[in-house]
Every structure is written in structure tokens, then in C-alpha cells.
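Now for the letters of each chain:
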Amino acid sequence: MLATFLRRLAASGAAPKGYTAYRYQMRSLPEIASRLAGQAITLGTLFQQTTLLGRALVDDRGSVADLQLSRWTLAQRRSAVRSFATLMQPELQRLLGQDPHAVVDSALRCVAQRVGAGYRLSGGKPRKRGGHAPTATEVAAVIDAASHCPGFTGLRNAVFFRILAETGTRVNALRELDCGDCVAMPSGSFRLFVHAKGDDAAREVELGRDLSDRLREYADAFNRQSAVSGWRARIRLGEPGPLWRNGAHGRWSYRSITQILRAACAEVGVREFSPHALRRGFATRAATSLPRHVVALAGGWRGLERLDDYYIQTHEAHMRTKLEQAHDAAATWREDRPDADSTTVAPARRTSFGSSMPTR
């Protein structure tokens, strides 16, 4: 059954990383069930034992002693089982006598908390909050340092990192962007159609006029360098082909991106951060002036839970600014109400932290 599932998974167009992850999860699931049951368990037998299937789905013991698996790993295991139930439905339907998805739901009801239309697994090591979110000053300094590279690479670095910082796009979604997904608008700006993680539909990201002009400059600079060097590769915005290049062949690699960013951080003397930290910085800065649900729509987050838990980080400078604004508002209110005594409390003022802060 596992071999058939993997063959169908590959035929369905699964990405290589997803294929590898699901193969690992479905290979490890019978091993987990066998350990829990004290006897050899196959995938077919496991789906016939609903309680055991549920226990195997939330078991967070790693292969190394005292190692607890993360909730992300368990969520991936659940997704793999869902995919297995879908692609192997004819065989599982005959074996179980019912819809295999109903069996999976029944197993999850035993061990997971019902949340909306899905289930929240009870096991797994809680995820830590996201790493460092750079400030706007740090981001500007690092991008400026990265843009000092010679030739087209300096322009490429500046445009690429600015798009990450100003739109909150995921680094690999932007890195894999095709020139054919860059649509020129009548205003002269570009609209990018990036493929978000887990979504079939592309996410639309519209660049400002200045950033669009810098994108054109990068493409022209690369094409000039390509002609001088005798390369056949060209960047033609609006036509098929890789957008972010490091030379004559293929796309700009993620490893090269991180190396350039690391070197730029060291050059300006700021705390080193990853390309993904620019997405956290975008969320943190946007949340200081926009409603959180607007930030979630702009950055492609589904709901507010992950945005709040892993992306938005409150900097001391932002807190100080908000407190000063509240103080100024209170002073203005007292000036407008000279008859109010010192014990009167002004109406609550809504802050971007999502709570009502009374001002005196």
C-alpha cells in the first residue's frame, strides 16, 4: 500500500520536498503503531484500529531517547495520513467498509481537540516564538550594504531584499518567481503573482513605482552583463524564465541569498538575521499602524493566530511611541476640559496592542 501511495503521490504532482516528507511520515507511522501495540502493525491493520491510529498520530516520542517531536512534525504526519486516505480511497474503502476519511476523523476525535472544521493535536513540543525581527533602521542599513556589490548583483540584492521587507513575501516564493508572473500595469508598476505555501492560487503582490523601476534596472543590468559575457540567458519581464539569477545558469540559490545577507549584517554591525526575519519585521512594523486582520491579508497569513504567535514582536521603541501618544492624548483632553479634576479618567483609547488603555 505504501508503494502504491507514493506512486500516486508523485503522479499527482507533489513537490519533491512534500513527497519526501510524506514518505518519511507514512514509513514511520507503522513503526510508531507497532511500538505502541507491542506487535507488528501494517498500514492496513492500523486503519482498522481507530484508537491505535489516533494514538499513533499524536505520539511525540522521537527515535532518540528524551527527544520530543514538535507539533509541526505531528501536523505534517496528520496531513500525510489525510493524503493517504484520499489517494488510497478505493483500497481502503474495500478494506474498511466505509470512507477512510471518516476513520481518520474518528481517530482524531479520540486524541485531538475539535477546532472549527479541523482538529488541534494535543501532543508535540510547543513551537518557539519566531526569531529576531529587525527594525526598519537595521533593514535599511543591511539592504544598503548588500546593494554595494558590483554589476547587476548589487541591483538584484537591493530589489530582492526590499520586496521581502516591504511586502512580507516568503523568501522561497519570491526566489522561485518566474518572469512570466511579473505583469506590468498601466501605471508603470508591476504586479507579481507569487505562489504561497500550501495554496494552489497565486498571491498578488503589487510593487510601488520606485521599486518597479528598480526591478527594470536590475533586468537591464543583467542583460547587458549577459551580452558582454556571451551568456544566452536573458531576463524578459512578462515572459517565461527565471527572474532572480546569479549567472548564466539557473536561479539564484537560497544558500547564496543567506550568505549575502549574513555578510551585509556583519558589514554594518547589526545582529545577524535570516531572510525570513524580513517577513517578521514586515509584520511587526505593519501591526503598529494597521489592524492585524489587514496585516494578515497583506502578508498572506491565514487568520491571526500564527501572525500573533510567531511574527509580530513588540519593540521597545514602538511601545515608547504608543505610550507617548497616549500621554499626549490625555494632555490634550485635560486642556479641552479645564473643569475636570485630577481624578477624572478620560475615555478608553484603543491602541494597536488590541486592548483599551485608559488615560488620565
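Our structure is the block above this text.
This is a predicted model, so every value here is computed, not measured. (Residues numbered from 1 in each chain as written. Predicted model: local features only at pLDDT ≥ 70, side-chain atom pairs only at ≥ 80, totals over all residues. Heavy atoms only, no water.)

> Explain the pattern of salt bridges here, please?
Oppositely charged side chains can pair when the atoms bearing their charge come close. Inspection of every chain in the model, using the stated rule, returns 14 salt bridges. The salt bridge involving Glu 91 is made with Arg 8; its shortest N-O contact spans 2.7 Å. In this pair, Glu 91 is assigned in helix H6 (residues 89-96) and Arg 8 in helix H1 (residues 2-11), connecting sequence segments 83 residues apart. Two residues, Asp 59 and Arg 35, come together in a salt bridge whose shortest N-O distance is 2.7 Å. Residue Asp 59 is found in the loop between helix H4 (50-58) and helix H5 (71-87), and its partner Arg 35 is found in helix H2 (residues 16-37); the two are separated by 24 residues along the sequence. For Arg 35, a relative accessible area of 33% gives the class partly exposed. (Salt bridge = Lys/Arg side-chain N within 4 Å of Asp/Glu carboxyl O. Helix = DSSP H or I, 4+ residues; strand = E, 2+ residues; numbered from the N terminus. Buried < 20%, exposed > 50% of the residue type's maximum accessible area, 1.4 Å probe, protein only.)

> I keep staring at the packing of H2 against H4 and nothing clicks. Help me out?
With their axes 9 Å apart at the nearest point, H2 and H4 run at an angle of 115° to one another. As summarised for this structure, H2 and H4 are arranged roughly perpendicular, according to the angle between their axes. Both H2 and H4 take part in a crossing whose hand is right-handed. Between H2 and H4, the residues in contact are Leu 29, Ile 32, Ala 33, Leu 36 and Ala 37 and Leu 52, Leu 53, Arg 55 and Ala 56, respectively. (Axes fitted to C-alpha atoms, helices over the stretch in contact; angles between N-to-C directions. Parallel < 35°, antiparallel > 145°, perpendicular 65-115°, else oblique. Left-handed = near helix turned anticlockwise from the far one by under 90°. Contact = heavy atoms within 4.5 Å.)

> Explanation requested: the sheet that holds strand S5 (residues 202-206) in the structure shown.
Backbone hydrogen bonds are what pair the strands of a sheet, in a parallel or an antiparallel way. As summarised here, the arrangement of the three strands in space is S3-S4-S5, forming an open sheet in which the pairing is antiparallel. Each edge of the sheet is formed by a strand with only one pairing partner; in this case those strands are strand S3 (182-184) and S5. Strand after strand, the sheet turns through a mean of 25° between neighbouring axes, direction not considered. Both S3 and strand S4 (residues 190-195) contribute to a ladder of three bridges, which runs antiparallel. The partner of Ala 184 across the bridge, within S4, is Phe 190. (Pairing = 2+ DSSP bridges.)

> Help me understand helix H12 (residues 254-268) in this model?
End to end, H12 covers 22 Å across 15 residues, agreeing with the expected 21 Å (1.5 Å per residue, within 8%). Within H12 the residues assigned to the buried category are Ser 256, Ile 257, Thr 258, Ile 260, Leu 261, Ala 264 and Cys 265. Each element contacted by the buried residues of H12 is listed here: helix H8 (136-146), helix H9 (152-167) and helix H10 (171-175). Two residues or fewer after H12 comes Gly 269, characterised by a positive phi angle close to 75°. (Expected span 1.5 Å × (residues − 1).)

> Is there a simple way to explain the packing of aromatic side chains in this structure?
Centre distance and the angle of the planes are the two values used to describe a pair of aromatic rings. One pass over the structure, following the stated rule, counts 10 aromatic pairs. Each ring, one from Phe 160 and one from Trp 244, has its centre 5.1 Å from the other, and the planes form 85°; the classification is edge-to-face. In this pair, Phe 160 is assigned in helix H9 and Trp 244 in the loop between helix H11 (209-229) and H12, connecting sequence segments 84 residues apart. For Trp 244, a relative accessible area of 0% translates into the label buried. Ring-pair connections join several aromatic residues into one group, and the members of that group are Phe 152, Phe 160, Phe 161, Tyr 218, Phe 222, Trp 231, Trp 244 and Trp 252. (Phe/Tyr/Trp six-rings, centres within 6.5 Å; stacked < 30°, edge-to-face > 60°.)

> Explain the side chain of Ser 189 here, please?
Mapped onto the fold, Ser 189 is located in the loop between S3 and S4. Classification of Ser 189 as buried rests on a relative accessible area of 4%. Separated by 3.0 Å, the side chains of Ser 189 and Ser 187 make a polar contact. At 3.5 Å, the side chain of Ser 189 and the side chain of Glu 206 are in polar contact. Every residue in contact with Ser 189, bar those within four places of it in the chain, is listed here: Val 183, Ala 184, Glu 206, Leu 207, Gly 208, Arg 209 and Ser 212. (Polar contact = N/O pair within 3.5 Å; in protein donor to acceptor, adjacent residues only side chain to side chain.)

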